[in-house]
Structures are given as structure tokens and as C-alpha cells.
Amino acid sequence: GAGVSQSPSNKVTEKGKDVELRCDPISGHTALYWYRQRLGQGLEFLIYFQGNSAPDKSGLPSDRFSAERTGESVSTLTIQRTQQEDSAVYLCASSLERGATEAFFGQGTRLTVV
Amino acid sequence: GESVGLHLPTLSVQEGDNSIINCAYSNSASDYFIWYKQESGKGPQFIIDIRSNMDKRQGQRVTVLLNKTVKHLSLQIAATQPGDSAVYFCAENTAGNKLTFGGGTRVLVKP
């Protein structure tokens, strides 16, 4: 596909379960970002990848959150022992290179923890 | 910590009028300031950016103004159309990689 693809588009999980969110960036984009967006709010930075390395993990809210990227392509955001406050839309974006201001966003994964 | 924020949460504008969306920032070290548009149910979409050494940049129907003296950024939309209804975020790009977003302003275009 031509754009950033995220899956699943919606996920409902029980409190305490682990979830994995997937992001397929645009081919050739070296930079990849994860953001969290609560209802009616702005974008909260979670983590940034340059290639397969994550130079900035400062936004991860707790040690229950982790992310990896492989093959300078697909990234997975994992949330362990989910809590209700984790409910949000998780957005992934990619950009062609480090320093690019134009990031391309996916549609997001809407996570609901019940 | 450093932050990017907005003055107005909601802006109602008559179709055909000009819109002005404002943003205040606190990080003077940002390299670029950027505006994104987010329509309902979609991810944000890049509109326009401005380098920190500029004070004005024009695009198609949009103009971004940067006032470094008062750390203020604005987006002007000319002849606002129904398709402009969305949430607009300002963002800053610091040290060449991390995009930090503000809280957003909802623009409602009235027919």
C-alpha cells in the first residue's frame, strides 16, 4: 500500500491482558513514531525509531509499554497488563528521513480496555 | 518541560471567511514549526511547515506566521470551506527528529 497501515483498527481487551499493535510504515521511510491520543485530546509522544533503533523512549508512560522495529520496517507496540487508562487511539507515523517535518500517519488503532 | 499549546479550543467560522488559528510555544530551540489537520476518524495530515529563521510562509490558501519574540505561531486559512472543518494541531520539530504536538483547535465551518 501507499500509506501507513495499522492493525487492528479496533481492539477491545479485558483489563490485565496484553495487546500488540502493529504498524507498517511507508516503504523506505527510516523514521517511525508512535503517539497516543485520548478522546478529544492532543497527540502524546510515546517513542521514536530511526531505523531499528529507538533513540528516544522518553514518552513511554510505564514499563508496561514497549516497542520494537525490525527490518527498518514493521513496528510493534506492546502493552502488558492493560489498564483502563490505556484506552485511546494509538497512532503510528513515518517520515522519509530524520528531520523531515512531514510525517505520514496511519488511521490508528482504537484500543478499549474493559 | 517544553510544550506547545493553543489559545482557543474551538473556532466557529462562516464559510468563505478567513480563519486564524493560534498556537503558543515555549521551546526556543525548535528547528521547525508545523501545522497538521486531523479530520474525524483519521490520522493527522501535514499542512505546512516553517523554519525557525523565517517569519512567514504561504501555501495554497494557507499562511503560517511565526513571531519568535512572543513565541507565537498562527495558521491563516483563506476563504474557509466546509472541508476545512477539522482539528488543527501545531507541532514543533526539535533536534531533527521528535515531533511534539500541541493540544489542538477544533474548527467548525458554518454554511
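Residues numbered from 1 in each chain as written. Chains lettered and ligands numbered in written order. Predicted model: local features only at pLDDT ≥ 70, side-chain atom pairs only at ≥ 80, totals over all residues. Heavy atoms only, no water.

Undergrad: How should the overall build of chain A be read in this particular structure?
TA: A tally of regular secondary structure across chain A gives zero helices and eleven strands. The C-alpha atoms of chain A give 13 Å as radius of gyration, which agrees with the globular expectation for 114 residues (13 Å, within 12%). Taking the principal axes of the C-alpha coordinates as reference, chain A spans close to 35 × 25 × 25 Å. Burial status across chain A gives 48% buried among its 114 residues. Looking at chain A as shown, the accessible area adds up to about 5,500 Å², and 43% of this sits on carbon and sulfur atoms. (Helix = DSSP H or I, 4+ residues; strand = E, 2+ residues; numbered from the N terminus. Rg over C-alpha atoms; globule rule 2.2 N^0.38 Å. Buried < 20%, exposed > 50% of the residue type's maximum accessible area, 1.4 Å probe, protein only. Areas by Shrake-Rupley, 256 points an atom, 1.4 Å probe, with all protein chains shown as cover.)

Undergrad: In this structure, what is going on with the pairing of strand E6 (residues 53–56) of chain A? I would like to understand it.
TA: Looking along a regular strand, one sees side chains alternate from face to face of the sheet. Residue and element names in this part refer to chain A. Across two bridges, the pairing between strand E5 (residues 43–50) and E6 is antiparallel. The residue of E6 that forms the bridge with Tyr48 is Asp56. Here E5 folds back onto E6 in antiparallel fashion, the turn holding two residues, of which Gly51 has a positive phi close to 65°. (Pairing = 2+ DSSP bridges.)

Undergrad: What is the right way to read the side chain of Gln37 of chain A from this model?
TA: Positionally, Gln37 of chain A belongs in strand E4 (residues 31–37). For Gln37 of chain A, a relative accessible area of 10% gives the class buried. Separated by 3.0 Å, the side chain of Gln37 of chain A and the backbone oxygen of Gln41 of chain A make a polar contact. In terms of polar contacts, Gln37 of chain A uses its side chain to reach the side chain of Gln38 of chain B, at 2.9 Å. For Gln37 of chain A, the residues in contact, after removing those within four places along its chain, are Gly42, Leu43, Ala88, Val89 and Leu91 of chain A together with Gln38 and Phe89 of chain B. (Polar contact = N/O pair within 3.5 Å; in protein donor to acceptor, adjacent residues only side chain to side chain. Contact = heavy atoms within 4.5 Å.)

Undergrad: Could you clarify how one ought to interpret the sheet that holds strand E1 (residues 5–7) of chain A in this entry?
TA: To summarise the sheet geometry, strands pair through backbone hydrogen bonds and adopt either a parallel or an antiparallel arrangement. All names here are of chain A. Strand order across the open sheet formed by four strands is E1-E3-E8-E7, with antiparallel pairing between neighbours. Strands at the two margins of the open sheet, each flanked by one partner only, are E1 and strand E7 (65–69). Averaged over all neighbouring strand pairs, the angle between strand axes comes to 15°, with direction disregarded. Relative to strand E3 (residues 19–24), E1 is paired through three bridges, and the arrangement is antiparallel. (Axes fitted to C-alpha atoms, helices over the stretch in contact; angles between N-to-C directions.)

Undergrad: Looking at this model, I keep getting lost on the nonpolar core. Mind explaining?
TA: Burial of nonpolar side chains together is a common tendency in soluble globular proteins. Residue and element names in this part refer to chain B. With 20 residues, the main nonpolar core has Ile21, Trp35, Leu73, Leu75, Tyr88 and Val107 as its most contacted residues. Where this core is concerned, the elements lending two or more residues are strand E2 (10–14), strand E3 (19–25), strand E4 (32–38), strand E5 (45–51), strand E7 (62–67), strand E8 (72–77), strand E9 (86–94) and strand E11 (105–110). Not counting residues within four places of it along the chain, the set of residues in contact with Val107 comprises Leu11, Val13, Ile21, Asp84, Ser85, Ala86 and Tyr88. (Core = buried A, V, L, I, M, F, W, Y, C linked by side-chain atoms within 4.5 Å.)

Undergrad: Please clarify how the pattern of salt bridges should be interpreted in this entry.
TA: Two side chains with opposite charge may pair up if their charged atoms get near one another. Residues and elements named next belong to chain A. This model, assessed by the stated rule, comprises seven salt bridges over all chains. Put simply, Arg22 and Asp24 hold a salt bridge, and the shortest N to O gap is 2.7 Å. Among the charged side chains, a network of salt bridges with common partners joins Arg36, Arg38 and Glu44. (Salt bridge = Lys/Arg side-chain N within 4 Å of Asp/Glu carboxyl O.)

Undergrad: What exactly am I supposed to notice about the state of the cysteines here?
TA: Put plainly, a disulfide is one covalent bond tying together the sulfur atoms of two cysteines. If you walk through the whole model with that rule in mind, you get two disulfides over all chains. In this model Cys23 of chain A forms its disulfide with Cys92 of chain A; the gap between the sulfur atoms is 1.9 Å. Across the S-S bond linking Cys23 of chain A and Cys92 of chain A, the dihedral sits near -65°, which makes this disulfide left-handed. Remark: Cys92 of chain A occurs in strand E9 (residues 88–95) and Cys23 of chain A occurs in strand E3; sequence separation between them is 69 residues. Take Cys23 of chain A: its relative accessible area is 0%, and that puts it in the buried class. A sulfur-sulfur separation of 1.9 Å characterises the disulfide bridge that pairs Cys23 of chain B with Cys90 of chain B. (Disulfide = S-S within 2.5 Å.)

Undergrad: How should the environment of Leu39 of chain A be read in this particular structure?
TA: All names here are of chain A. Following the sequence through the fold, Leu39 ends up in the loop between E4 and E5. Judged by relative accessible area, Leu39 falls into the exposed class, the value being 79%. Along the sequence, Leu39 and Ala100 sit 61 residues apart, while their C-alpha atoms lie 27 Å from each other.

Undergrad: Honestly, the interface of chain A and chain B in this entry has me stumped. Any pointers?
TA: How big an interface is tends to be reported as the loss of accessible area on association of its parts. Contact with chain A, which involves 20 residues of that partner, is made by 20 residues of chain B. Interface of chain A and chain B: buried area, both sides summed, is about 1,600 Å²; carbon and sulfur atoms make up 53% of it. On the chain A side of the contact with chain B, Leu43, Thr101 and Phe105 of chain A bury the most area, a combined 34% of that side's loss. For the pair chain A and chain B, the number of links is zero salt bridges. Linking chain A with chain B are five residue pairs in polar contact (both at pLDDT 80 or more). Of all the secondary-structure elements, those providing two or more residues to the side of chain A that touches chain B are E4 and E5 of chain A. Residues belonging to the side of chain A that touches chain B are distributed by class as follows: nine nonpolar, eight polar and three charged. (Buried area = accessible area lost by both parts, 1.4 Å probe. Nonpolar A, V, L, I, M, F, W, Y, C, P; charged D, E, K, R; others polar.)

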